[in-house]
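Chain residues, written in single-letter form:
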Amino acid sequence: MEAQKRESCKYSNLEDKMTITDNEDLLIEILLYLPAKTLIRFKLVSKKWFFIISGRHFSRRHSQHRHRLSKLESSFLLRCLGDSPEYLYLQSKLQPQKSVRYHFSPSLIDPTIWSFSNGLFLLVNSSTIDEPLEYCHIYNPTTKQSKKIPLNTHERFTFVIGLNLAFDPLKSPYYHIVCVRATRKRRPPSFLRGWYRYCQIEVYESGTDTWQLCGEPFLVPRDVDFNHGVYWEGGIHWDGIYFDLLESSICKHPELVELPEDAGIKNFQNNYVESNGSLHYMAHFSEENLVMVFELQSNCSQWLLKYRINLERGSEPLSVLSFIRGESEVDSMLVLCEPGKVIGYQIGEKSVKELVDFTEEQFYKAQCVQFGSHSTFQFIETLAPV
């Protein structure tokens, strides 16, 4: 009797599994809950699973579905400073981990990341950076798919001084590229930094595969760096200004009134970081071992000082790579780099933990910081098509 019951249960379970795999709609609903990397492995299960998971419709649905879930943890690619093309992969779970290099798709030649947004990268060929750019690539680091995007030419605004990626799968399955063009490329000597130059915004929309000039030409100080913009709340944010994609207009950020009065003449590093739905401004004063983290209000009306962190470090060189906003303020973390190591600083506990030791890597140099904030690129694992 017991043997018959076990045999009956076995066939019942088999029938249930066959029902799930035969019912494509039910199978898709289940697959939507799985991580992107797991789904890539599941392509090997069968031809049916391969075609489902590889389809653009499923990829877009999965990308939207994953973003609707609770907060997604970001992974990081860290590019070595200097001439080395090496990238270090930092997993999303910021726990102690082995040093792992990231390798781009072999079809890409000398790729350099210029921008990133919600799981996609914008790449350019590093060997042609000093030449007039003719194209870029949109690249998914999880699936390693890429698409070549030719750039337009413009008689007046000849030089491309910035390429920035905007992608939000909850608003649209398509991405935008914000190209900043200028009449002159090179920055003037320091005593001429007060000069301005004319710029023009051009936007690419992947849904139509077209470029379009947006807004009127505008004047901007020549020392504004348009290559490290961060996409947040429908805009690309640079140092002090942002471009609103919906309104096609350039807007100014509010002043950071709580920065030290002499911050303008001090040697400090600053950058923008988007984390868990909020935009942050980080200022690192290396001589004082001080890091200040500000958060921009949703209407871009005010910067609020969230953290003033005294790192209490010695004279060893240190760089601040990124900031991770926790579910509560005490859970937030700074990602730092010291010679040979990437470390995490728990703001609430005021404690440090080692994340990666890369002293055995060929690119390691003693007493040098090998990664910086502008060479740190965050991404969410996604199947989003390019």
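Higher on the page you've got the structure.
Residues numbered from 1 in each chain as written. Predicted model: local features only at pLDDT ≥ 70, side-chain atom pairs only at ≥ 80, totals over all residues. Heavy atoms only, no water.

Participant: Give a description of the overall build of the protein that names residues and reports values.
Facilitator: Scanning the protein from terminus to terminus reveals five helices and 24 strands. In the protein, of all internal contacts separated by at least 6 residues, the share reaching a separation of at least 24 is 52%. (Helix = DSSP H or I, 4+ residues; strand = E, 2+ residues; numbered from the N terminus. Contact = heavy atoms within 4.5 Å.)

Participant: Got a sec to walk through the pattern of salt bridges? Specific residues and values, please.
Facilitator: Close approach of charged atoms allows side chains with opposite charge to pair. Under the defined criterion, the tally for this structure stands at eight salt bridges. Here E361 makes a salt bridge to R101, at a shortest N to O gap of 2.9 Å. With E361 in the loop between β23 (351-357) and β24 (376-379) and R101 in strand β3 (residues 100-101), the pair connects residues that are 260 residues apart, well separated along the chain. With a closest N to O distance of 3.1 Å, R325 and E295 form a salt bridge. Residue R325 is found in the loop between β20 (319-324) and β21 (333-338), and its partner E295 is found in strand β18 (residues 290-296); the two are separated by 30 residues along the sequence. When salt bridges that share partners are traced, they join E86, R101 and E361 into one network. (Salt bridge = Lys/Arg side-chain N within 4 Å of Asp/Glu carboxyl O.)

Participant: Describe a nonpolar patch on the surface, with residues and values.
Facilitator: Taken together, the side chains of Y196, Y198 and L219 define a hydrophobic patch exposed on the protein surface, amounting to about 330 Å² of accessible area. Its location among the elements puts Y198 in strand β10 (residues 196-205). Using a relative accessible area of 38% as the deciding quantity, one classes Y198 as partly exposed. (Patch = residues over 30% accessible without salt bridge, like charges linked within 9 Å, V, L, I, M, F, W, Y side chains within 5 Å. Areas by Shrake-Rupley, 256 points an atom, 1.4 Å probe, with all protein chains shown as cover. Buried < 20%, exposed > 50% of the residue type's maximum accessible area, 1.4 Å probe, protein only.)

Participant: Please provide a residue-by-residue account of the sheet that holds strand β16 (residues 268-275), values included.
Facilitator: Strand order in the open sheet made by the four strands is β16-β17-β18-β19, with antiparallel pairing throughout. One side of each edge strand has no neighbouring strand; the edge strands of this open sheet are β16 and β19 (303-310). Between one strand and the next, the sheet's axes are offset by a mean angle of 20°, whatever the strand orientation. (Pairing = 2+ DSSP bridges. Axes fitted to C-alpha atoms, helices over the stretch in contact; angles between N-to-C directions.)

Participant: How would you summarise the sheet that holds β20 if you had to cite specific residues and measurements?
Facilitator: The strand order β20-β21-β22-β23 describes an open sheet built from four strands, whose pairing is antiparallel. The open sheet has two edge strands with one neighbour each: β20 and β23. Each neighbouring strand pair of the sheet contributes to a mean axis angle of 25°, computed without reference to strand direction. Note that strand β22 (residues 341-346) and β23 share six bridges and pair antiparallel. The residue bridging Q346 from the neighbouring strand is S351, located in β23.

Participant: So, the packing of aromatic side chains: which residues are in play, and what are the values?
Facilitator: The description of an aromatic ring pair uses the distance of the two centres, along with the angle that the planes make with each other. Evaluated as defined, the whole model comprises 21 aromatic pairs. Judged by centre distance (6.1 Å) and plane angle (75°), the ring pair of F363 and F371 falls under edge-to-face. Of the two residues, F363 and F371, neither departs from the other in class, the shared state being buried. Three or more aromatic residues link up through ring pairs in this structure, and these residues are Y87, Y102, F104 and Y139. The lysine or arginine in question, K144, covers the ring of Y102, its NZ or CZ lying 5.2 Å from the ring centre. A cation sits over an aromatic face here: R156 above Y198, 5.3 Å from the ring centre. (Phe/Tyr/Trp six-rings, centres within 6.5 Å; stacked < 30°, edge-to-face > 60°. Lys NZ or Arg CZ within 6 Å of the ring centre and 35° of its normal.)

Shape descriptors only; they carry no functional weight alone.
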